[in-house]
Amino acid sequence: MLILTLNAGSSSLKFCLIDVATEDALADGLAERIGLPSGAVKWTVMGEKGGVEQDMKDHKDALTIIMDELRKTVLKGRDVSAVGNRVAHGGPNFGEPMLVTDKVLREIEDLAALAPLHNPANALGIKTAMEMFPGKPQVAVFDTAFHATMPDYAYTYGLPLEICKKHGLRRYGFHGTSHRYVAERTAKLLGKPLEQLKIVTCHLGNGSSITAVDKGKSVDTSMGLTPLEGIIMGTRCGSVDPGAIVALMEKEGLDAKGLNALLNKQCGLQGISGVGSDCRDIEGAMQTNDAARLAHDTLCYGIVKYIGAYAAAMDGVDAVTFTAGIGENSSNVRAKVCKKLQNLLGINLDEAANKERSKNDRLISAPGSRTAACVVPTNEELMIARYTAKLVNG
Ligand code: ADP
């Protein structure tokens, strides 16, 4: 069974073609600058990189270019069985992936109030796929769904409850598909049932979130109502005193639009360092640039605090797992975090294993370490394909 996964942004479309039987990704890629000048589609098909530079007026143009390429090179007469669509916000009602019906699609669109940057684009991606693949099942996989198991005291903000209920203001959490995948792989790596483990999963990319996974269920997570809360990110601020937001409004004269742009695009590693949002650039500069050093220290300190808090929330922790661009690649961030937690959690870092470059799931703590430290490359597309196949097969 071949599943196409799609992740639609407002001017981008990521795709992956997965053979569910072997769990191999046959092709993946990205259409960029949809609806803008200088559009381009890049792909890797059966290990070969390729692409075209072509303007695309909309997502349908983009998907047409992608499918033409896939039909020519890899599908060769075979057909996609179903499409799995990544959706950022599932609100309070979607705790599981869903087969897309008109009603489900309307609800995804209605959730734009909670995720104005993401849900309208995700809904547009689904509509495009419905047009391109009439009659084929479409599945929506929500970034928030894995966190639906959080207890009420973990997702409640200290704001008037009535107002929160009226507007759906609460912690929802994101990156759920990744946290779930990584927790499952960590259990396999440790050779123990997931139901017996307390794991802190650290998804550290351009957007970052940390989750407490107790017996396979998310019980708390660092992102909140929106993907702004938590540790500092590439350009997002992470948690700040709400009083600072009020001060920004008063002293910088910012309105909601200006605040949104500042908090999402000009903060985090970028905002503190002035060097850039990319962790590699920060690590390249931090020996000589004190602002870059400060950005890196602030990031690592934030990660340490969440891991400590979640160890307390779960009354212990068996493993800390790192994933996504920074988590999988920055031995520097992992070393700083693990060393700081050596006494509290008994993480005994294996320095050589930490420095090793590998695409495999691996332990970076020494044998006998009280808490295991692991690196697990995430694979959200595979999870989306698995969910899609499961729903389609009933
Ligand atoms: P996204 O959230 O966009 O999916 P990724 O998971 O791809 O992001 O992560 C991007 C981040 O990973 C960037 O900050 C990048 O600097 C960082 N990264 C990638 N490779 C390395 C590396 N070798 N060392 C440090 N950071 C890295």
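Residues numbered from 1 in each chain as written. Predicted model: local features only at pLDDT ≥ 70, side-chain atom pairs only at ≥ 80, totals over all residues. Heavy atoms only, no water.

### Quick look at the site of the ligand
As a matter of local geometry, the ligand sits amid 13 residues, with Asn 206, Asp 278, Cys 279, Gly 325 and Ile 326 nearest to it. Asp 278 is positioned with one of its side-chain polar atoms (N or O) 2.3 Å from an oxygen atom of the ligand. A distance of 2.9 Å separates an oxygen atom of the ligand from a polar backbone atom of Gly 325. Here the ligand has 580 Å² of accessible area as a free molecule, and 72% of this is covered by the chains. Going through the elements one at a time, α10 (279–285) and α12 (324–329) are the ones with two or more residues in the shell around the ligand. Broken down by element, the shell around the ligand gets its largest block of residues, 4 residues, from α12. Here the shell around the ligand is built from residues that sort into 3 nonpolar, 6 polar and 4 charged. (Near = heavy atom within 4 Å. Polar contact = N/O pair within 3.5 Å; in protein donor to acceptor, adjacent residues only side chain to side chain. Areas by Shrake-Rupley, 256 points an atom, 1.4 Å probe, with all protein chains shown as cover. Helix = DSSP H or I, 4+ residues; strand = E, 2+ residues; numbered from the N terminus. Nonpolar A, V, L, I, M, F, W, Y, C, P; charged D, E, K, R; others polar.)

### So, the domain arrangement of the chain
Domains assigned within the chain are domain 1 (2–142) and domain 2 (192–380). Contacts between the two partners involve 5 residues from domain 1 and, on the opposite side, 5 residues from domain 2. Of the roughly 360 Å² buried at the junction of domain 1 and domain 2 (both faces included), carbon and sulfur atoms supply 49%. Of all residues in domain 1, the largest losses of buried area upon contact with domain 2 belong to Arg 86, Leu 114 and Leu 117, amounting jointly to 65% of the total for that side. Of the charged contacts in the structure, one is a salt bridge between Glu 380 and Arg 86, with a shortest N-O distance of 3.3 Å. Scanning the region where domain 1 abuts domain 2 turns up 2 residue pairs in polar contact (both at pLDDT 80 or more). Split into classes, the residues belonging to the side of domain 1 that touches domain 2 amount to 2 nonpolar, 2 polar and 1 charged. (Domains from an automatic or database assignment. Contact = heavy atoms within 4.5 Å. Buried area = accessible area lost by both parts, 1.4 Å probe. Salt bridge = Lys/Arg side-chain N within 4 Å of Asp/Glu carboxyl O.)

### Brief notes about helix α8 (residues 256–265)
Residues of α8 that are buried: Leu 259, Leu 263 and Asn 264. Angularly, the buried residues of α8 cover 115 degrees about the axis, an arc narrow enough to put them on a single face. Residues of α8 that are exposed and angled more than 90 degrees away from the buried face: Lys 257 and Lys 265. The inward-facing, buried residues of α8 contact α7 (242–252). (Buried < 20%, exposed > 50% of the residue type's maximum accessible area, 1.4 Å probe, protein only. Arc of directions from axis to C-beta.)

### A look at the environment of Ala 82
Mapped onto the secondary structure, Ala 82 falls in strand β6 (residues 82–87). A residue is classified by how much of its surface remains accessible, and Ala 82, at 0% relative accessible area, is buried. The spacing of Ala 82 and Gln 138 is 56 residues in sequence and 5.9 Å in space, taken between C-alpha atoms. Residues contacting Ala 82, with those up to four places away along its chain left out, are Leu 2, Ile 3, Leu 4, Pro 137, Thr 388 and Val 392.

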